[in-house]
Amino acid sequence: MKPLSVLKYLLVLFLFAGMGCEEVTIDKAFTPGNETTFRMNHVYYSADGQYSLKITEINDSRCPEGVVCIWAGEVVVKGEWTENDNKSSFEIHTVVTSQQKQPDGYTIQIIDAKPYPKHDTNSNPEDLVITLLIKKN
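Here the structure is a predicted model, which is why all the values come from computation and not from measurement.

Chemist: Please set out the overall build of the chain residue by residue, giving values where relevant.
Modeler: What the chain contains, in helices and strands, is one helix and eight strands. If you list the helices and strands of the chain from N to C, you get α-β-β-β-β-β-β-β-β. Within the span of the chain, comprising 137 residues, buried residues form 29% of the whole.

Chemist: So what's going on with the pairing of strand 2 (residues 35-38)? Residues and values would help.
Modeler: Of the two faces of strand 2, only the one carrying T36 and F38 is buried; E35 and T37 on the other face are not. Across four bridges, the pairing between strand 2 and strand 8 (residues 129-136) is antiparallel. If you follow T36 over to strand 8, its bridge partner there is L132.

Chemist: Account for the pairing of strand 4 (residues 51-60), with residues named and values stated.
Modeler: Across three bridges, the pairing between strand 3 (residues 43-46) and strand 4 is antiparallel. Bridge pairing in strand 4 places V43 opposite K54.

Chemist: Kindly report on unusual backbone geometry, identifying the contributing residues and their values.
Modeler: Note that the residue after K114, namely P115, is joined by a cis bond; omega there is 0°. Relative to the elements of secondary structure, P115 occurs in the loop between strand 7 (106-114) and strand 8. Residue N41 is not a glycine yet carries a positive backbone phi of 65°. Along the polypeptide, N41 turns up in the loop between strand 2 and strand 3. Residue classification places N41 among the partly exposed residues on the basis of a relative accessible area of 35%.

Chemist: Residues and numbers for the sheet that holds strand 2, please.
Modeler: Here we have three strands laid out as an open sheet, ordered 2-8-7, and antiparallel in their pairing. What marks the edges here is a single partner per strand, and that holds for strand 2 and strand 7. For this sheet the average axis-to-axis angle between neighbouring strands, irrespective of direction, equals 30°.

Chemist: Give a description of the packing of aromatic side chains that names residues and reports values.
Modeler: Throughout the structure, instances matching the rule amount to six aromatic pairs. Here F30 and W81 contribute two aromatic rings whose centre-to-centre distance is 6.0 Å and whose plane-to-plane angle is 50°, an arrangement assigned as tilted. Here F30, found in strand 1 (residues 24-30), pairs with W81, found in strand 5 (residues 75-83); they are 51 residues apart in sequence, far enough to count as distant. Comparing F30 with W81, the two get one shared label, buried. Centroid distance F38 to Y44: 4.9 Å. Interplanar angle 85°. Geometry classified as edge-to-face.

The rules behind each value
Each chain has its residues counted from 1, following the order in which its sequence is written. Residue-level local features of this predicted model are given only where pLDDT is at least 70; pairs of side-chain atoms are given and counted only at 80 or more, and the full residue set underlies all totals for whole chains, interfaces and linings. Hydrogens are left out, water is left out, and the side-chain values use all remaining heavy atoms of the structure. We count a stretch as a helix when DSSP gives it H or I for four or more residues in a row; a strand needs E for two or more, and each element gets its number in order from the N terminus. A 1.4 Å probe rolled over the protein chains alone gives each residue an accessible area, and that area as a share of the maximum for its type sets the label: buried under 20%, exposed over 50%, partly exposed in between. A pair of strands counts as paired when DSSP detects no fewer than two bridges linking them. In this analysis, axes come from line fits to C-alpha atoms, helices being fitted only over the stretch in contact, and the angle between any two N-to-C directions falls in the range 0 to 180 degrees. By convention, a stacked pair of Phe, Tyr or Trp rings (six-membered ring in the case of Trp) has centres within 6.5 Å and planes under 30 degrees apart, an edge-to-face pair has planes over 60 apart, and any other such pair is tilted.

Right, here's the structure in full:
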């Protein structure tokens, strides 16, 4: 086989391998009972390695600065919680708490979401930094 052909196959292999990788954030561990900041599409592990959390969706409907709104809006965070290889989904709200879905044995609360929306500015959910408080029930 020609060296150029081998190089092409290796490049394609590395391309597919890179596309399947999930961004893992290990240097930012969280501990239940403490407030921690999270970003969407990153996997975060607990300090003891028993839990992981991944935010898969953020909906920010808060009333933007510079606008008068009838409703203040809310932040909704959806994600995956894993405890000892058992994966479950969660959905938490800042206002409409009756629609929340918490992982078994835990309560996740949204403390803050930054930056706050501004009028005439497009925001991207990936840019939001969400502060959560995770408590064991």
